[in-house]
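# Close look at the chain arrangement
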Amino acid sequence: MQFSDVRHYCLELMGSEEDFPFGPDLYVYKIKGKIFAILFTGQGEARLNLKCDPDEALALRDIFPAISPGYHMNKKHWNTLRLDNTVPELEIKRQIDHSRLLVLQSLSKVQRQALQLEPDQKNKRHGQT
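An account of the accompanying structure is given in this report. Please read these numbers as outputs of a predicted model, since none were measured by experiment. (Residues numbered from 1 in each chain as written. Predicted model: local features only at pLDDT ≥ 70, side-chain atom pairs only at ≥ 80, totals over all residues. Heavy atoms only, no water.)

## Observations concerning the side chain of serine 16
Just so we agree on the cut-off: Secondary structure counts use DSSP, requiring at least four H or I residues in a row for a helix and at least two E residues in a row for a strand, with both numbered from the N terminus. The contact criterion used throughout is that any non-hydrogen atoms of two residues lie within 4.5 Å.
Relative to the elements of secondary structure, serine 16 occurs in strand 1 (residues 16–19). If we skip the residues at most four places from it in the chain, serine 16 touches Cys10, Leu11, Tyr29, Lys30 and Phe36.

And the structure:
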């Protein structure tokens, strides 16, 4: 996946918001104000920080050379993926979805319910615009 592919995928997810709280070069994706992904370019290469279950984070680092402890993040709970075409697209999407799910689970019941009630998000979920 390329930078733009990841950006579009993150924006398509229900409840996702793009923000730039750390500057114009760090694309931050949030749900209800909580970060699930940070997309940026480092050392001339697109990179993606994602939340991850600690045990899974370690396993992914062993499996994929392009995955390392989260850059400028809590190394136990975040991974950084180099978007160098060595990690399959479906695996990247799975990891994005996993990160988003971890954030969703941390939201209050009221916040999770509000996501399902927002009309624009309801349309996204059903493939309408």
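Past the structure itself, the notes keep going.
## Concerning the pattern of salt bridges
Rules: By definition here, a salt bridge exists when the distance from a side-chain nitrogen of Lys or Arg to a carboxyl oxygen of Asp or Glu is within 4 Å. Three labels apply to residues, based on accessible area from a 1.4 Å probe with only protein chains included: buried if under 20% of the type maximum, exposed if over 50%, partly exposed otherwise in between.
A complete count under the given rule lists 8 salt bridges for this structure. Linking arginine 94 and glutamate 56 is a salt bridge whose minimum nitrogen-to-oxygen distance equals 2.6 Å. In this pair, arginine 94 sits in helix 3 (residues 89–106) while glutamate 56 sits in helix 2 (residues 54–63), placing the two residues 38 residues apart along the sequence. With relative accessibility at 35%, the residue arginine 94 sits in the partly exposed group. Measuring nitrogen to oxygen at the nearest pair gives 3.0 Å for the salt bridge that ties glutamate 89 to lysine 93. Taken together, the residues span about one helical turn, with glutamate 89 and lysine 93 both in helix 3 at a distance of 4 residues. Its relative accessible area of 22% is what places lysine 93 among the partly exposed residues. Beyond isolated ion pairs, a larger network of salt bridges with shared partners links Glu45, Arg47, Arg82 and Asp84.

## Description of the environment of aspartate 97
Residue position: aspartate 97 is located in helix 3. Residue classification places aspartate 97 among the partly exposed positions, given a relative accessible area of 32%. Along the sequence, aspartate 97 and leucine 13 sit 84 residues apart, while their C-alpha atoms lie 8.5 Å from each other. Once you skip the residues sitting within four places of it in the chain, aspartate 97 turns out to touch Tyr9 and Leu13.

## Considerations on the pairing of strand 3 (residues 34–42)
Quick reminder of the rule: Paired strands, in this sense, are two strands between which DSSP finds at least two bridges.
Of the pairings in the sheet, the one linking strand 2 (residues 27–31) to strand 3 comprises 5 bridges and is antiparallel in character. Of the residues in strand 3, the one forming a bridge with lysine 30 is isoleucine 35. Counting the residues between successive antiparallel strands, the hairpin from strand 2 to strand 3 contains 2 residues, one of them, lysine 32, with a positive phi of roughly 50°. Between strand 3 and strand 4 (residues 45–51), which follow one another and run antiparallel, lie 2 residues, and glutamine 43 among them has a positive phi close to 55°.

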